[in-house]
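Understanding the architecture of this molecule
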Amino acid sequence: MKNILCSILLFLCGFPAVFAQNDSIYMFSYFVGNGEDGLHLLYSKDGFKWESIKRSPSFLTPALSPDKLMRDPCIIRGKDNKFHMVWTVSWTQKGIGYASSSNLVDWSDQLYIPVMEHEADARNTWAPEITYDPVNEEYMIYWATTIEGLYPETQVQEDNRYNHRMYYVTTKDFSTFSDTKLLYEPGFNCIDATIKPNGNKWVMFIKDETRVPAQKNIKIAYADKLTGPYSQAGEPITGDYWAEGPTVWKIDDYWTVYFDRYTDNRFGVIRSKDLHTWEDVSSKLAFPDGLRHGTIFRVSNEELANVLKQEIR
């Protein structure tokens, strides 16, 4: 009962419901190239100046699917204090990858979760994420998929007929999963959702993938429950450039959103105290060159020290 009450209290305060009390270091999971060599990590004390952790070839080498990719790695700390990760395994497979770790160094066997195998016309399963729901004590895994023939009103040839919507499953143990359901159909091609608690509601940051006329920006939608329904997406919170792969954390009372300015080959960051007025603070950001998007999470000083012991200098 005490654990449940703590989880609900943290949820209502608008903070992640499960992470160690002494988490004081920001960490960032990412991939390079097409994701062939696997999981990479950065760390930061303030969320702006980031340092690479060099490990060859990576912290986890992809083993799933014929493509053997590890793109869009999303890591969260679970209720069990383990790190849980999902990722894109392929350009064309109908499932996603999953693995867990107690220390970010030693990982479980990689599991292929066949979330869209039941859909004959599914073309892909891209950019999965995990969010924990402390009220229902379960995890929601969600991702973008194009199902051929659906939503023809937003399909354009310029996007090679990709026309994503967001789908999800829930799980309590990463062994058994609910049936796949539609999470978000905003009336436009969308991808790269990430969802955070905000008081007693949930806020979704999502990329509008529309190519004609070009959007390629980050928008926000809201819901009373993690599984939705979510509101109509608002106006873009990013600027006049193409942005994708948002990842979000509360830093000094600011909603801080990192995103990949992928056509500019660099990252951007914006922040807001109220989710309405946004400030571009990209000039404060010091990221190493060449990284592609993933997620921000937190670790303790002791956990960072253990990871740094594995670094190749």
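Residues numbered from 1 in each chain as written. Predicted model: local features only at pLDDT ≥ 70, side-chain atom pairs only at ≥ 80, totals over all residues. Heavy atoms only, no water.

Counting its regular elements, the protein chain contains two helices and 19 strands. C-alpha atoms of the protein chain, sized along the principal axes, occupy 50 × 45 × 45 Å. Per-residue burial for the protein chain yields a buried fraction of 57% across its 313 residues. Contacts in the protein chain between residues at least 24 apart in sequence constitute 53% of all its contacts with a sequence separation of at least 6. (Helix = DSSP H or I, 4+ residues; strand = E, 2+ residues; numbered from the N terminus. Buried < 20%, exposed > 50% of the residue type's maximum accessible area, 1.4 Å probe, protein only. Contact = heavy atoms within 4.5 Å.)

Relative to the elements of secondary structure, asparagine 103 occurs in the loop between strand S6 (96-101) and strand S7 (111-113). Within the structure, the side chain of asparagine 103 is placed 2.9 Å from the backbone nitrogen of valine 105, a separation counted as a polar contact. With residues up to four places along the chain from it excluded, the contact list for asparagine 103 reads Phe83, Asn306 and Val307. (Polar contact = N/O pair within 3.5 Å; in protein donor to acceptor, adjacent residues only side chain to side chain.)

A few words on the environment of aspartate 37. In this fold, aspartate 37 is placed in the loop between strand S1 (23-32) and strand S2 (40-44). In sequence terms aspartate 37 and aspartate 192 are 155 residues apart; their C-alpha atoms lie 21 Å from each other. Within the structure, aspartate 37 has its side chain in polar contact with the side chain of histidine 40 (distance 3.0 Å).

Okay, helix H2 (residues 301-308) next. Within H2 the residues assigned to the buried category are Glu303, Leu304 and Val307. Take H2 and look down its axis: the buried residues cluster within an arc of 100°, on one side only. (Arc of directions from axis to C-beta.)

Moving on, we get to empty space enclosed by the protein. On inspection of all chains with the given rule, the structure shows three cavities of 30 Å³ or more. Space inside the second largest cavity adds up to approximately 90 Å³. Where the lining of the second largest cavity is concerned, the elements lending two or more residues are strand S4 (71-77), strand S8 (126-133), strand S12 (190-198), strand S15 (244-251) and strand S19 (291-300). A per-class count over the lining of the second largest cavity returns six nonpolar, four polar and three charged. (1 Å grid on protein atoms, 1.4 Å probe; cavity = no way out; pocket = protein on both sides within 12 Å on 5 of 7 lines; lining within 4 Å. Points joined across faces, edges and corners; volume = space filled by probe spheres on them. Nonpolar A, V, L, I, M, F, W, Y, C, P; charged D, E, K, R; others polar.)

Using the criterion set out here, one finds 15 salt bridges in the structure. Measuring nitrogen to oxygen at the nearest pair gives 2.4 Å for the salt bridge that ties glutamate 137 to lysine 79. Within this pair, whereas glutamate 137 is found in the loop between S8 and strand S9 (138-145), its partner lysine 79 is found in the loop between S4 and strand S5 (83-88), the two being separated by 58 residues in sequence. In this structure lysine 79 comes out as partly exposed when scored by relative accessible area, which is 43%. Sharing partners across several salt bridges, the network here consists of Asp159, Lys207, Glu209, Lys216, Glu244, Asp260 and Arg292. (Salt bridge = Lys/Arg side-chain N within 4 Å of Asp/Glu carboxyl O.)

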